[in-house]
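# Examination of the molecular architecture
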Amino acid sequence: MVFQDAMATLNPVLKAGDQIAICTCITAPACREKISARLSCPFYSRVGIHESQKRIDYHPHHLSGGMRQRTVIAAAIALQPDLRIADKPTTALD
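Residues numbered from 1 in each chain as written. Predicted model: local features only at pLDDT ≥ 70, side-chain atom pairs only at ≥ 80, totals over all residues. Heavy atoms only, no water.

For the pair helix 2 (residues 16-23) and helix 6 (residues 65-77), interaxial distance at closest approach is 8 Å and the crossing angle is 25 degrees. For the element pair helix 2 / helix 6, the angle class is roughly parallel. Handedness of the helix 2/helix 6 crossing: right-handed. Contact with helix 2, carried on its side by Ala-16, Gln-19, Ile-20 and Cys-23, involves Thr-71, Ala-74 and Ala-75 of helix 6 and no other residues of that element. Looking at side-chain class alone, the contact of helix 2 with helix 6 contains five nonpolar, two polar and no charged residues. (Axes fitted to C-alpha atoms, helices over the stretch in contact; angles between N-to-C directions. Helix = DSSP H or I, 4+ residues; strand = E, 2+ residues; numbered from the N terminus. Parallel < 35°, antiparallel > 145°, perpendicular 65-115°, else oblique. Left-handed = near helix turned anticlockwise from the far one by under 90°. Contact = heavy atoms within 4.5 Å. Nonpolar A, V, L, I, M, F, W, Y, C, P; charged D, E, K, R; others polar.)

To continue, consider helix 6. Owing to its 3.6 residues per turn, the α-helix brings residues three or four apart onto one side. Its 13 residues give helix 6 an end-to-end C-alpha distance of 19 Å, which sits within 8% of 18 Å, the value for a rise of 1.5 Å per residue. In terms of burial, helix 6 is largely enclosed, as eleven of its 13 residues are buried. Residues of helix 6 that are buried include every one of Gly-66, Met-67, Arg-68, Gln-69, Arg-70, Thr-71, Val-72, Ile-73, Ala-74, Ala-75 and Ile-77, and no others. (Expected span 1.5 Å × (residues − 1). Buried < 20%, exposed > 50% of the residue type's maximum accessible area, 1.4 Å probe, protein only.)

Next comes the structure, spelled out in structure tokens:
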């Protein structure tokens, strides 16, 4: 599920990479390269997270509204689900 308000969706005390890791049921320290690779591979290029190696260490308040929304979208598609539900997924994209 991708909610319209990304700031309300993301946990403010967790880094972006940790939040994506939670969605994939793995811990961020153990899969830092895997998360970064997923964010920068062609499948995630549609999400548009550039410099993913650096961005996975950012907390939500350090990201722009568009990057927060991209993080939520990346977390939603991390496991490549068959069904994706989006509540205005392009809101706040830069």
